[in-house]
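Listed here are the chains, written in short residue letters.
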Amino acid sequence: MKTYVIAGVHGDEVFGLKIIGAIDRSSNQNITTVVGHAEAIAKKRRFIESDLNRSFELKSHTIESRIAKSISDNLRNNLHDYIIDIHTSRSNVKSVAIVAKLNDTTIYLAHMLETDAIVIMPPQLTSTSLIGCQPEKSISLEYGAGQRSDKLAIKTAEVIMSLGDIQEIKHDLPIYAVISRIPKDYEGLSGIKNLEYDVTLNGYPFLAGVDTYPDFGGFLAKKLNKNTSDNNIVYNGE
Ligand SMILES: [Zn+2]
């Protein structure tokens, strides 16, 4: 299997570099490792001109839209079975798989990588993000606050190197779908519990907190019922 692993798409999220470093040290021929945004990493900034993970397929001329174009060209020209994009968050999630498409491949990846949950992002957000380039085989791994250890990085690298053929997985991962954003001025942000039902918001906060995003408080998701087909997801947000 050919796997593409990218870290540091956001320059202030360097944990993934440990994972790709561990993969590189093993000289595995089947894995392509990529540093997403070297300049932003060097400057310890999330981005320089525009958020790289919102710059795919955009006709703008920022540094990030140029990087996004070279990443998506690379993905198009070199076929991979799996695409893994590693992020970190200051929110109190442990590890979550973010997907644009829920299918056997993305569920297999989320399960193998020992995530706690799968969160589906709406097309409005993924159309300009990395996982939106080839949604049927891509996941973003989002590691929450405190999930930065060398041990976790080495373990994750080992799992990535051991990925095999897709198997239909019997899993009990909870699955959520993002339905809106939580405003930055929402009073409950401090101490908010991610992926736990919030009565006031009538939904499940995701990547929410006082300092998780500069311009909004985080996302709000609903929990999907695996046993029904009635999982209409409508996204009401920017
Ligand atoms: Zn990120």
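Not measured: the values here are computed from a predicted model.

Participant: When you look at unusual backbone geometry in this model, what are you seeing that I'm missing?
Facilitator: Peptide bonds are trans in most cases, and residues, glycine excluded, mostly fall at negative phi. For Ser 27, which is not glycine, the phi dihedral falls at a positive 45°. With respect to the helices and strands, Ser 27 occurs in the loop between helix H1 (15–25) and strand E2 (31–35). For Leu 195, which is not glycine, the phi torsion reads 60° and is therefore positive. Note on placement: Leu 195 falls in the loop between strand E7 (175–182) and strand E8 (204–206).

Participant: For this particular structure, what's the right way to read the pairing of strand E3 (residues 82–88)?
Facilitator: Successive side chains on a regular strand alternate, one facing one side of the sheet and the next facing the other. For E3, the tally of buried residues reaches 7 of 7 residues, placing the bulk of the element in the interior. Residues Tyr 82, Ile 84, Ile 86 and Thr 88 point to one face of E3 and Ile 83, Asp 85 and His 87 to the other, with burial holding for every one of them. Judged from the 5 bridges that link them, strand E1 (residues 3–7) and E3 form a sheet pairing that is parallel. Paired with Thr 3 across the strands is Tyr 82, a residue of E3.

Participant: Is there a simple way to think about the domain arrangement of the protein chain in this case?
Facilitator: For interface size, the figure often reported is the accessible area lost on association. Assigned domains of the protein chain: these are domain 1 (3–161) and domain 2 (177–223). The distance between the C-alpha centroids of domain 1 and domain 2 comes to 22 Å. On the domain 2 side, the residues contacting the 11 residues of domain 1 number 13 residues. Per element, the largest residue contribution to the side of domain 1 that touches domain 2 is 3 residues, and it comes from strand E5 (residues 117–120). For the side of domain 1 that touches domain 2, a count of residues per class yields 6 nonpolar, 3 polar and 2 charged.

Participant: What's the story with H1 in this structure? I'm lost.
Facilitator: Note on helix geometry: an α-helix contains 3.6 residues per turn, so any two residues three or four positions apart are oriented the same way. Regarding H1, the residues found buried are Gly 16, Ile 19, Ile 20 and Ile 23. For H1, the angular spread of the buried residues around the axis is 90°, confining them to a single face. Structurally, H1 contributes buried residues whose contacts are with E1, E2, E3 and helix H6 (150–161). Remark: Ser 27 follows H1 within two positions and exhibits a positive phi of approximately 45°.

Participant: What exactly am I supposed to notice about the sheet that holds strand E6 (residues 138–143) here?
Facilitator: Where strands meet in a sheet, backbone hydrogen bonds hold them as pairs that are either parallel or antiparallel. Ordered by their spatial adjacency, 9 strands build an open sheet running E2-E1-E3-E6-E4-E5-E7-E9-E8, and the pairing between neighbours is mixed. Of all the strands in the sheet, just E2 and E8 have a single pairing partner and so form its edges. Averaged over all pairs of adjacent strands, the angle between their axes in this sheet comes to 30°, without regard to strand direction. Relative to strand E9 (residues 218–223), E8 runs antiparallel, the two being bridged by 3 bridges. Looking across to E9, one finds that Phe 206 is bridged to Phe 219.

Participant: Is there a simple way to think about helix H4 (residues 104–112) in this case?
Facilitator: Buried within H4 are the following residues: Thr 106, Ile 107, Tyr 108, Leu 109 and Ala 110. The inward-facing, buried residues of H4 abut E3, strand E4 (95–99), E5 and E6. Of the residues trailing H4, Glu 114 is marked for its positive phi of about 55°.

Participant: Looking at this structure, how should I read the environment of Lys 151?
Facilitator: Mapped onto the elements, Lys 151 comes out in helix H6. Residue class for Lys 151 comes out exposed when judged on the 7 C-beta atoms lying within 10 Å of it. Separated by 133 residues in sequence, Lys 151 and Lys 18 have C-alpha atoms that sit 10.0 Å apart.

Participant: What should I look at first to understand the nonpolar core in this one?
Facilitator: A general feature of soluble globular proteins is that nonpolar side chains tend to end up buried together. The biggest cluster of nonpolar side chains holds 61 residues, and the ones touching the most others in it are Val 119 and Phe 206. In terms of residue count, the dominant contributor to this core is E7 (5 residues). If sequence neighbours within four positions are ignored, Phe 206 has contacts with Val 119, Tyr 176, Val 178, Asn 194, Leu 195, Gly 218, Phe 219 and Ala 221.

Participant: Is there a simple way to think about the packing of H1 against H6 in this case?
Facilitator: Angle between the axes and distance between the axes are the two parameters that describe a pair of packed helices. Viewed as axis vectors pointing N to C, H1 and H6 meet at an angle of 50°, and their least axial separation amounts to 8 Å. As judged from the angle between their axes, H1 and H6 are oblique. For the element pair H1 and H6, the recorded crossing hand is right-handed. When H1 is examined against H6, the residues Phe 15, Lys 18, Ile 19, Ala 22 and Ile 23 are found in contact with a partner set consisting of Asp 150, Ala 153, Ile 154, Thr 156, Ala 157, Ile 160 and Met 161. Taken together, the residues of the contact of H1 with H6 sort by class into 9 nonpolar, 1 polar and 2 charged.

About the thresholds
Here, residues in each chain are numbered from 1, in the same order as that chain's written sequence. Totals for whole chains, interfaces and linings use every residue, but because this is a predicted model, local features are given only for residues with pLDDT of at least 70 and side-chain atom pairs only at 80 or more, for both listing and counting. Each helix is a run of H or I in the DSSP string that is no shorter than four residues. Each strand is a run of E no shorter than two, and both are numbered from the N terminus. Buried residues are those with 20 or more other C-beta atoms within 10 Å of their own C-beta, exposed residues have 12 or fewer, and partly exposed residues lie in between; C-beta atoms are placed from the backbone. Strand pairing follows a simple DSSP-based rule, namely that at least 2 bridges must link the two strands. What marks off one domain from the next here is an automatic or database domain assignment. Note on contacts: residues are paired as contacts if their backbone-placed C-beta atoms lie within 7 Å. Here the term charged refers only to Asp, Glu, Lys and Arg, the term nonpolar to Ala, Val, Leu, Ile, Met, Phe, Trp, Tyr, Cys and Pro, and the term polar to all other amino acids, Gly among them. Throughout, the arc means that of the directions going from the helix axis to the C-beta atoms. Each axis is a line fitted through C-alpha atoms, taken for helices only over the stretch in contact, and angles between the N-to-C directions span 0 to 180 degrees. A set of buried residues drawn from Ala, Val, Leu, Ile, Met, Phe, Trp, Tyr and Cys, joined through C-beta atoms within 7 Å, is what defines a nonpolar core. In what follows, roughly perpendicular refers to angles from 65 to 115 degrees, roughly parallel to angles under 35, roughly antiparallel to angles over 145, and oblique to any angle outside these ranges. We call a crossing left-handed when the near helix sits turned anticlockwise from the far one by less than a right angle, and right-handed when that turn is clockwise.

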